[in-house]
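Structural features, examined
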Amino acid sequence: MFGESGEPPPMELVRLAIPRRVYTQSHLDYVVEVAEAVFETRKSLVGLRMTNSPPYLRHFTARFEELPSHEPGSESALDEALTGHP
């Protein structure tokens, strides 16, 4: 989350932890389908800026605003991270 300075990191990544013996193969297939759909539409997605960060349980109650979209055709840091190409 945050380092000692309180500044957010340059990129926040998502960790997908799957408990054993809880989900079926169809659950995981659905997660893969959604991840593929997000990846395919990544160029039309915009980032979010946190506008309200409560001191407790902020991942449930924070508020966000959309960031301006990047120029069409330009590669973002997210594209680079996902594809491995600059």
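Preceding block: the structure.
Looking only at helices and strands, one finds 3 helices and 2 strands in the protein. Going through the 86 residues of the protein one by one, you find that 7% of them count as buried. Residue pairs in contact within the protein that sit at least 24 positions apart in sequence constitute 27% of those at least 6 positions apart. Counting only carbon and sulfur atoms, one obtains 58% of the accessible surface of the protein, whose full area is about 8,000 Å².

Considering all chains together, one arrives at 0 aromatic pairs under this definition. In this structure, Arg42 is placed above the aromatic ring of Phe39, and the distance from its NZ or CZ to the ring centre is 3.9 Å.

Our focus in this paragraph is the pattern of salt bridges. Scanning the model with the defined rule gives 1 salt bridge in all. The salt bridge partner of Glu65 is Arg49, with a shortest N-O separation of 2.9 Å. Separated by 16 residues along the polypeptide, Glu65 in strand E2 (residues 63–66) and Arg49 in strand E1 (residues 48–52) bring together distant segments of the chain. For Glu65, a relative accessible area of 37% corresponds to the partly exposed category.

This part is about a negative patch on the surface. Together, Asp29, Glu33, Glu36 and Glu40 make up a region of like negative charge exposed at the surface. The topology assignment puts Glu36 in helix H1 (residues 25–40). Glu36 sits in the partly exposed class, given a relative accessible area of 48%.

In this section: a nonpolar patch on the surface. A contiguous nonpolar patch, built from Leu16, Ile18, Val22, Tyr23, Tyr30, Val31, Val34, Val38 and Leu45 and spanning about 850 Å² of accessible area, is present on the exposed surface. As for its placement among the helices and strands, Val22 is situated in the segment before H1.

Parameters and conventions
- Residues numbered from 1 in each chain as written.
- Predicted model: local features only at pLDDT ≥ 70, side-chain atom pairs only at ≥ 80, totals over all residues.
- Heavy atoms only, no water.
- Helix = DSSP H or I, 4+ residues; strand = E, 2+ residues; numbered from the N terminus.
- Buried < 20%, exposed > 50% of the residue type's maximum accessible area, 1.4 Å probe, protein only.
- Contact = heavy atoms within 4.5 Å.
- Areas by Shrake-Rupley, 256 points an atom, 1.4 Å probe, with all protein chains shown as cover.
- Phe/Tyr/Trp six-rings, centres within 6.5 Å; stacked < 30°, edge-to-face > 60°.
- Lys NZ or Arg CZ within 6 Å of the ring centre and 35° of its normal.
- Salt bridge = Lys/Arg side-chain N within 4 Å of Asp/Glu carboxyl O.
- Patch = residues over 30% accessible without salt bridge, like charges linked within 9 Å, V, L, I, M, F, W, Y side chains within 5 Å.
- Lys, Arg positive; Asp, Glu negative; His and termini not counted.
- Charge placed at Lys NZ, Arg CZ, Asp CG, Glu CD.

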